[in-house]
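In case you want the letters, here they are:
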Amino acid sequence: MFVEYTWLVPLVPLLCFVIVGFFGKKMPHGGGPLVIFGALFAFVLSLLISYDFFTSDAYHNPGYVTSQIEWFSVGSFQMNVGYYIDSLACMMMLFASFISTLIFVYSIGYMHDEGAKRRRYFAQVSLFLTGMLGLAVSSNFLEMFVFWEIMGLCSYLLIGFWGFNHPKGDDASDSASSAAKKAFLVTRLGDVCLMGGMFVLLFEFGSLDYVTVFDTSMMAAVDPNMIMLGSLLIFGGVIGKSAQFPLLDWLPDAMAGPTTVSALIHAATMVKAGVYLVARCFPLFTQNPEVMLFVGVIGGITAFFAATMALNNMNIKKVLAYSTLSQLGYMFLALGAGGYMMALGMQSGDAALMAAGAIGYTAGCLHMVNHAFFKALLFLGSGSVIHATGTEDMREMGGLHSKMKITSITMLIGSLSIAGFPLFSGFWSKEIVLETAMHAGDYGVEGYLFTIMWILAIVTAFMTAFYMFRMWFMTFKGKSGHGAEHCHGESPKSMTIPLIILSVFAAALGCILLFGFDDYITIGIHAGHFQVGSGHGHGLAGWLEDIFLSMYTYLTIALVLIAIAVAYVMYNKASVNPGKFNKNGSSWLYKALTNRWWFPQLYDQIGWKLGNGVAKGVEFVDTQMIDGTVNALSSAVVGSGESLGKMQTGNVRDYAAIVMIGVVLLFVAILALFYFMGGL
């Protein structure tokens, strides 16, 4: 009954965007309450749709509900528009709408002093949510791509929110404008790849509908090499949107926007779209083990490198930005490892291996949901601190626990969760991610690469616990800095209540695994996608038991506890000076981390060298070849005219001689033609 109204989920926030955009100046708080209503309506309807779907027969077979109408047609080709509801779509709708609702409520207090600009802010965030919800329920790749691009546009506008209508020369304005353009251009690079992948699928399948592209019988009739090409191109779009290696540098710069925008991008929308797309294309990607291997390796490398960059950063928002990159890498590592085992199982007919692959899918999706809650909590907590102290530099904070107890405690819960502290939400999904990566290393010729990724992920877990508690101790403990001395106390209730709600989920959401709710966030192994029987449960309970019996689990727990202890000694007790390890900032490693492993400089060089070279090549073709050809033709015509003009002497005898010569030449030509044709 409620699934039929799925189209309202993105439509209501879209209507709120239009209304606030036109009439927001005359509405309370710049239209914020209406935007909150739109997000809350989307959440409630998503909840009803999810209940309707999970209690229906369609959940078990075929595992989805879809409805479409014709959008447009070109010849015999018809493009549809509609909705596609399965467990993944339900999960995305629920957490995106719920977390966005809390962020919008938080924004009432955080953006209260922005005056008339609040109308623009609330209109844009409502459109941002529309993009994410529309992407989640789309029934085909083209429809999904439209909402994908809507989010790209909104990210540009919101990252540069403070970069417009500012006095020229304002450093903050320049930074915001540059960060917005950087995010827009880098993600467009990935979008070109995504478009290429869509063209490949359209050429091979004759359709972009999920039901058609993911159908087993259709994929069996398509060239596997073309499926691999299309899958890799689609993942290229994911790399850009989710800021994976090597296109990872734009996301930290995106912190130039309001902190609420950072929370939206990192927790509820935007970067999660890439994880969603890989999970959505799981039936397609698993046709080739090499594709999932590539996904897992990119994720493992990103997780490690991004974590290193957070170790010595002093900006509280950028520390969280690097942690987002790292945690996204964890998600792709889980999906890649699970998909790799799934693909090998499909080739060999090993149902147990396919079930293990499905657990990898569950691990990636569960970590995505957990991360959405604790990262929204951490970003909103950092916004509360920034709102109270007026600075993002952690060196100017310190000692804020006594002044901001709610913010301090909730951020502590978020830090424990992201660090993978036992029994907190992040612990459950992180351990399954690590277990999946290690398990994938036992299979296939290239499986050893997943063993390497597992080692990197273990080291990343240690670094994550260290830099998160380094952030917490520098912010809430130790000596008070300049910003802390001017702290005006705890933030208003419109900001602290969302923190409290998010902290509950950050602490306990992972426990749903103990009650069997993992069935609702895994991939259905059914005849529509994978021909190995039916059912949604894949033995995750057995894996959880194995995890607690594994020595590697306790190794990870030990590393997390050691990392927290090291951060405590360095940044709370101050009994160990961090400068001894980095030679007071002069060591090569410290400089490498501070300079982001020189990724920005590398991008600049590529931009200048490659971009300038391409521009010169285009200029040469334009000026020398195209313009040169046109100019040469015009010169030839002008020159011919001038030459013929010289023959106009005005003397009748000259004209008569020319006529006679012409007649003679014509007569000779006729005789020659007559002779060669056999006339004589």
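Being a predicted model, the structure only gives us computed values, none of them experimental. (Residues numbered from 1 in each chain as written. Predicted model: local features only at pLDDT ≥ 70, side-chain atom pairs only at ≥ 80, totals over all residues. Heavy atoms only, no water.)

J.: Can you break down the overall build of the protein residue by residue, with the values?
T.: Regarding its fold elements, the protein presents 27 helices and two strands. By principal-axis analysis of the C-alpha atoms, the protein measures approximately 115 × 65 × 55 Å. Taking all 680 residues of the protein together, the buried fraction comes to 54%. For the protein, long-range pairs separated by at least 24 residues make up 80% of all intrachain contacts whose partners lie at least 6 apart in sequence. For the protein, the accessible area works out to roughly 27900 Å², and carbon and sulfur atoms hold 68% of it. Both charge centroids of the protein, one from 33 positive and one from 40 negative side chains, sit 17 Å from each other. (Helix = DSSP H or I, 4+ residues; strand = E, 2+ residues; numbered from the N terminus. Buried < 20%, exposed > 50% of the residue type's maximum accessible area, 1.4 Å probe, protein only. Contact = heavy atoms within 4.5 Å. Areas by Shrake-Rupley, 256 points an atom, 1.4 Å probe, with all protein chains shown as cover. Lys, Arg positive; Asp, Glu negative; His and termini not counted. Charge placed at Lys NZ, Arg CZ, Asp CG, Glu CD.)

J.: So what's going on with helix α11 (residues 259-268)? Which residues, and what values?
T.: The element α11 is extensively covered by neighbouring structure, given that 10 of its 10 residues are classed as buried. Here α11 has its buried residues at T259, T260, V261, S262, A263, L264, I265, H266, A267 and A268. Directly beyond the C-terminal end of α11, a positive phi value near 60 degrees is found at M270.

J.: So what's going on with the pattern of salt bridges? Residues and values would help.
T.: Considering all chains together, one arrives at eight salt bridges under this definition. Across the pair E149 and R188 runs a salt bridge, and its minimum N-O distance is 3.4 Å. Of the two residues, E149 sits in helix α5 (residues 141-159) while R188 sits in helix α6 (residues 171-205), which places them 39 residues apart along the sequence. Owing to a relative accessible area of 23%, E149 belongs among the partly exposed residues under this scheme. The exposure class assigned to R188 is buried, which follows from its relative accessible area of 17%. Close ionic contact of E431 with K430 constitutes a salt bridge, the shortest N to O distance being 3.6 Å. Taken individually, E431 and K430 each receive the classification buried, so the pair is uniform in this respect. (Salt bridge = Lys/Arg side-chain N within 4 Å of Asp/Glu carboxyl O.)

J.: Can you explain the packing of helix α17 (residues 405-418) against helix α21 (residues 493-508)? Please cite residues and give values.
T.: Running from amino to carboxyl end, α17 crosses α21 at an angle of 25 degrees, the nearest separation of the two axes being 9 Å. The angle between α17 and α21 places the two elements in the roughly parallel class. The crossing of α17 and α21 is left-handed. Only T496, L499, I500, S503, A506 and A507 of α21 make contact with α17, whose side of the interface consists of I406, T407, T410, I413 and S417. For the contact of α17 with α21, the per-class residue count stands at six nonpolar, five polar and no charged. (Axes fitted to C-alpha atoms, helices over the stretch in contact; angles between N-to-C directions. Parallel < 35°, antiparallel > 145°, perpendicular 65-115°, else oblique. Left-handed = near helix turned anticlockwise from the far one by under 90°. Nonpolar A, V, L, I, M, F, W, Y, C, P; charged D, E, K, R; others polar.)

J.: Quick one: what's the story with the side chain of R470, residue by residue and with numbers?
T.: Here R470 is to be found in helix α19 (residues 448-476). Although R470 lies buried, it forms no salt bridge, and the closest oppositely charged side chain, D393, sits 8.1 Å away as judged by the N-O distance. In terms of polar contacts, R470 uses its side chain to reach the backbone carbonyl oxygen of N312, at 3.4 Å. Here the side chain of R470 touches N313 through a polar contact of 2.8 Å, landing on its backbone oxygen. With near-sequence residues (within four places) excluded, R470 lies in contact with A310, L311, N312, N313, M314, V319, M394, A567 and Y571. (Polar contact = N/O pair within 3.5 Å; in protein donor to acceptor, adjacent residues only side chain to side chain.)

J.: A description of the pairing of strand β2 (residues 77-85) should follow, citing residues and the corresponding values.
T.: Bridging between strand β1 (residues 65-74) and β2 involves nine bridges; their strand directions are antiparallel. Within β2, the residue paired with V74 across the bridge is F77. Counting the residues in the hairpin turn of β1 and β2 gives two residues, including G75, whose phi is positive at 65 degrees. (Pairing = 2+ DSSP bridges.)

J.: I'd love a proper account of the environment of A484, names of residues and values included.
T.: Here A484 is to be found in helix α20 (residues 482-485). Sequence separation of A484 and M79 is 405 residues, and the distance between their C-alpha atoms is 57 Å. The contact partners of A484, leaving out residues within four places of it in the chain, are T389, E396, M397, G398, L400 and K403.

J.: Which residues make up the packing of helix α3 (residues 87-110) against helix α16 (residues 351-389), and what values do they have?
T.: Where α3 meets α16, the axes come as close as 11 Å, and the angle between the chain directions of the two elements is 0 degrees. Comparing their axes, α16 and α3 come out roughly parallel. From α3, L88, M91, M92, F95, F98, I99, I103, Y106, G109 and Y110 reach across to α16, where they touch Y361, C365, M368, V369, A372, F373, A376, L380, G383, S384, I386 and H387. For the contact of α3 with α16, the residue count by class is 18 nonpolar, four polar and no charged.

J.: Any chance you could break down the nonpolar core for me, citing the residues and the numbers?
T.: Core analysis: the biggest nonpolar cluster contains 208 residues, and I85, I99, F141, L284 and F285 have the highest contact counts within it. No other element matches α16, which puts 22 residues into this core. (Core = buried A, V, L, I, M, F, W, Y, C linked by side-chain atoms within 4.5 Å.)

J.: How would you explain the layout of surface pockets if you had to name every residue and give the values?
T.: The calculated volume of the largest pocket comes to roughly 830 Å³. Along the wall of the largest pocket there are 35 residues; nearest its centre are F466, R470, M570, Y571 and P578. The residue inventory of the lining of the largest pocket, partitioned by class, reads 21 nonpolar, 10 polar and four charged. Its volume calculated, the second largest pocket comes out at about 600 Å³. Forming the boundary of the second largest pocket are 20 residues, of which L47, M91, L94, L509 and I512 lie nearest the centre. Secondary structure elements with two or more residues in the lining of the second largest pocket: α2 (32-54), α3 and α16. By residue number, the principal contributor to the lining of the second largest pocket is α3, which donates six residues. Class assignment for the residues of the lining of the second largest pocket results in 18 nonpolar, two polar and no charged. (1 Å grid on protein atoms, 1.4 Å probe; cavity = no way out; pocket = protein on both sides within 12 Å on 5 of 7 lines; lining within 4 Å. Points joined across faces, edges and corners; volume = space filled by probe spheres on them.)

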